[in-house]
Amino acid sequence: MPILVTDYSWTQTDSTVCLSVPLKGTKVSHVNILSTDEYLKVHYPPYLFEAFLFEPVDDNKSNVKVGDGVAVFSMPKRTNKVWEHLMTATNHKEKKKVRERSLLKYQENLCAQSILKAKQQHAEKKYALERMMKLEKEKKHCIQKIKTGEREKSTAELTAWKLRQKQRAEQEDQLKVHSQGHSRDGLQSTTEKQENGCSNGSGFKWDQISNSEAKSKSKQKDLPAPRLVGNIQVTFTLRLFPTALRESKVIEEEEWLKRQAEAGRNRTADVEELEDLKEEERNPYWLKDKGDKCFVTGDHLGAVYAYSLAIRLNRKIPALYSNRAACHLKLKNLHKAIDDSSQKRVRRSKTQTQTPNAEGCGGL
């Protein structure tokens, strides 16, 4: 149930009523005001102020100022006279009728204001659209005017160019006619000279032709015979190393190859699996490639088996120990991984001491 506000104050003149309602610390955004000719309501929860006015006022000219914790109403009177009271004394039913009538009138005013606002917005949009269309029309007219001017300018330049080309062609035709006349006169004079000197120089020309034929025949006799065509067989020495034979140390290379072959053929006699293995499976390098493929696919146990068998076949390949150490690391066998890593370092140090220098085996 709302709390009725009674600590309001009001003053009047013959034409105006001023009313001050305290807002009791309520924010302006939380204040709801309803005002008509005969009813005034200020609601700011949990407080409520209602005023059933003594006489009607001009609601269209009334105004209210909300701020500083108070709402101040200024309401012009319909009739210029002094009121005896601010509110009229009526019963509950009359107050209910006035309240309903005021609420209905307030809703009608809101509806009329919304319709008026919509009409104003429509008129503003229409004006803006008409203005935009007018501006676009002026812009198009300006662009068309510029295009017309450019077209006329281009047409004038093209006409002037054609006229200059025509004049130049006429000048060239005149020059050609003039030059053809001079050349015709020169031909006539030369033909006359040739006719006059033909009888005197005919013998001399026949002598020149016979001399040139004799010289050409003598040149053809002096030419040498063409060369014979043949094929040359080229062979190269077969070598396992990429360097040239003159740059290699043959003795060290042969010793290194011999040790590699012996290491590949080195087999331990206690390997029982050799009886069931194929010839390619007895090759430690083939087993190393097999273990690498198993490691890539995630089969770490299979890779460990392949590397272990390759190590039993040939213990002098350091890469087998490092690869098996990686597999043990994946399988969380940390002690075995440490052992294989240490074995790999020992095997590599021994292999480096036994391998020839880079000049003898640079490509292997």
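Since we're looking at a predicted model, the values are computed, not measured.

Caption draft 1: Quick peek at the sheet that holds strand β7 (residues 63-67). Taking strand neighbours across the sheet as the criterion, the four strands line up as β2-β3-β8-β7 in an open arrangement whose pairing is antiparallel. Edge positions in the sheet fall to β2 (9-12) and β7, since each of these pairs with one other strand and no more. Pairs of neighbouring strands in the sheet enclose a mean axial angle of 10°, with direction left out of account. With seven bridges joining them, strand β3 (residues 16-22) and strand β8 (residues 70-76) adopt antiparallel strand pairing. Bridging across to β8, V21 finds its partner in A71.

Caption draft 2: Main features of the layout of surface pockets. Here the second largest pocket defines a volume of roughly 290 Å³. Around the second largest pocket, the lining is made up of 14 residues, and of these S35, D59, Y106, N109 and Q113 lie nearest the centre. Taken together, the elements giving at least two residues each to the lining of the second largest pocket come down to β4 (32-35), β7, β8 and α1 (92-222). Per-class residue counts for the lining of the second largest pocket are seven nonpolar, six polar and one charged.

Caption draft 3: A look at the packing of aromatic side chains. A complete count under the given rule lists four aromatic pairs for this structure. Ring centres of Y44 and Y47 lie 5.7 Å apart, and the angle between their planes is 35°; this geometry places the pair in the tilted category. When its relative accessible area of 0% is taken as the criterion, Y44 is described as buried. What makes Y47 partly exposed here is its relative accessible area of 23%.

Caption draft 4: Geometry of the pairing of strand β6 (residues 47-52). The sheet contact formed by strand β1 (residues 3-4) and β6 spans two bridges and is parallel. Within β6, the position partnered with I3 by the bridge is Y47. Sheet topology note: the strand β5 (residues 39-44)/β6 ladder contains six bridges and is antiparallel. Along β6, the bridge assignment pairs Y39 with F52.

Thresholds, definitions, all that
Residues numbered from 1 in each chain as written. Predicted model: local features only at pLDDT ≥ 70, side-chain atom pairs only at ≥ 80, totals over all residues. Heavy atoms only, no water. Pairing = 2+ DSSP bridges. Helix = DSSP H or I, 4+ residues; strand = E, 2+ residues; numbered from the N terminus. Axes fitted to C-alpha atoms, helices over the stretch in contact; angles between N-to-C directions. 1 Å grid on protein atoms, 1.4 Å probe; cavity = no way out; pocket = protein on both sides within 12 Å on 5 of 7 lines; lining within 4 Å. Points joined across faces, edges and corners; volume = space filled by probe spheres on them. Nonpolar A, V, L, I, M, F, W, Y, C, P; charged D, E, K, R; others polar. Phe/Tyr/Trp six-rings, centres within 6.5 Å; stacked < 30°, edge-to-face > 60°. Buried < 20%, exposed > 50% of the residue type's maximum accessible area, 1.4 Å probe, protein only.

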